[in-house]
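Here's the letter readout for the chains.
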Amino acid sequence: MYDPTQLRTFLAVAQTLSFTQAAHRLGLRQSTVSQHVRRLEDATGRQLFARDTHSVELTEDGEAMLGFARRILQVHEQATAFFTGTRVRGRLRFGASEDFVLTRLPEILEGFRHDHPEVDLELTVELSGTLHEQLAAGKLDLVLAKRRREDPRGELVWRDDLVWIGAERLRLDADRPVPLIVYPPPGITRARALQVLESEGRPWRIVCTSGSLNGLIAAARAGLGVMAHSRRLIPPGLSRLPDRFGLPDLGRVDFVLVHGRRHGAAEEAANALAAAILAGGERLRRPVD
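Residues numbered from 1 in each chain as written. Predicted model: local features only at pLDDT ≥ 70, side-chain atom pairs only at ≥ 80, totals over all residues. Heavy atoms only, no water.

*Asks:* Quick question: what am I supposed to make of the layout of surface pockets here?
*Replies:* With a probe scaled to a water molecule rolled over the atoms, the places where space remains empty come into view. Of the volumes computed, that of the second largest pocket is approximately 230 Å³. If you go around the second largest pocket, the residues you meet are Arg 8, Leu 11, Ala 12, Gln 15, Arg 25, Leu 26, Leu 73, Glu 77, Glu 155, Ala 275, Leu 278 and Ala 279. The leading source of residues in the lining of the second largest pocket is helix H1 (residues 4–16), at 4 residues. A class-by-class count of the residues in the lining of the second largest pocket yields 7 nonpolar, 1 polar and 4 charged. (1 Å grid on protein atoms, 1.4 Å probe; cavity = no way out; pocket = protein on both sides within 12 Å on 5 of 7 lines; lining within 4 Å. Points joined across faces, edges and corners; volume = space filled by probe spheres on them. Helix = DSSP H or I, 4+ residues; strand = E, 2+ residues; numbered from the N terminus. Nonpolar A, V, L, I, M, F, W, Y, C, P; charged D, E, K, R; others polar.)

This is the structure:
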């Protein structure tokens, strides 16, 4: 008996860990978002978020509610589509960044294809920078990717820390250039890594360049060097480098959904897939074992 509107608000807060960002995403006032969450907590009899003036975190019960909320909303949307007779159809060109190769995005896409069998889904996996270029050129309808700091476009899916990662046995010599494992241009993490190193006057050298995440992972596991990566998506076999390595802070990165300029069937299909990704966003932050 949980209100779908309250569940959507809960998911938006859970994915952004911000009542302000959730309100912006949903087009609501922040007070309304707080009210929705409070009513859902009253309905469950459990506290779903631990929050203070500085941070918002899911409680253990909140983590459990993530899966329930996603499934409830999925069934709700299926029932609505069935009884209203609305069927999403048409061609949808969707681009996802390399960051999601090892996540559970395929599960979300599989569910979307099951729910919308008349949509002709075309998937492109590329660097975030390349996907933004293809979207601007009208070659894609919807993109899930990182965005540059100066770019305000896109609907926030979640925000994460960028960290330095490498093999556990890796050792760095403070007197030698930092060995970098990077995507080719226009990779966003590549640009950030070079920027922070240069701003601190830290010499560097590129030891591996690959447009494939699997290629970068292989080089990092071999101990060739370090790479900048999302903290929540660290691949198996690699780990965050400790502070004693003295590498500069990489800051945070936003993962966003950006829509193209098409209308009609493509727009409807893009909206449906965007809703599915936002509803299942927590699965994007869990790498496949």
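That was the structure; now back to the text.
*Asks:* Honestly, the environment of Ala 174 in this entry has me stumped. Any pointers?
*Replies:* For Ala 174, the location among the structural elements is in the loop between strand S6 (155–166) and strand S7 (178–182). The exposure class assigned to Ala 174 is exposed, which follows from its relative accessible area of 64%. Residues Ala 174 and Phe 100, 74 residues apart in the sequence, show an inter-C-alpha distance of 32 Å. (Buried < 20%, exposed > 50% of the residue type's maximum accessible area, 1.4 Å probe, protein only.)

*Asks:* Can you walk me through the pairing of S7 in this structure?
*Replies:* Regular strands show a simple pattern: their side chains alternate between the two faces of the sheet. Within S7, 5 of the 5 residues are buried, which leaves the element mostly enclosed by the surrounding structure. By the alternation rule, side chains of S7 split into Val 178, Leu 180 and Val 182 and Pro 179 and Ile 181, which are all buried. Crossover handedness for the path S7 to helix H7 (residues 188–199) to strand S8 (residues 204–209): right-handed. (Right-handed = clockwise from strand over helix to strand, strands pointing away.)

*Asks:* Where do I start with the environment of Leu 66 in this structure?
*Replies:* Here Leu 66 is to be found in helix H4 (residues 60–84). A relative accessible area of 4% places Leu 66 in the buried class. Each C-alpha atom of the pair Leu 66 and Glu 98 lies 25 Å from the other, and the pair is 32 residues apart in sequence.

*Asks:* Explain unusual backbone geometry here, please?
*Replies:* One can expect most non-glycine residues to show negative phi and most peptide bonds to be in trans. Put simply, Pro 185 and Pro 186 share a cis peptide bond, and its omega is 5°. Along the polypeptide, Pro 186 turns up in the loop between S7 and H7. For Leu 17, which is not glycine, the phi dihedral falls at a positive 50°. Within the secondary structure, Leu 17 sits in the loop between H1 and helix H2 (19–26). According to the relative accessible area criterion, Leu 17 is partly exposed, its value standing at 21%.

Geometric descriptors of this kind do not, in isolation, establish any biological role.
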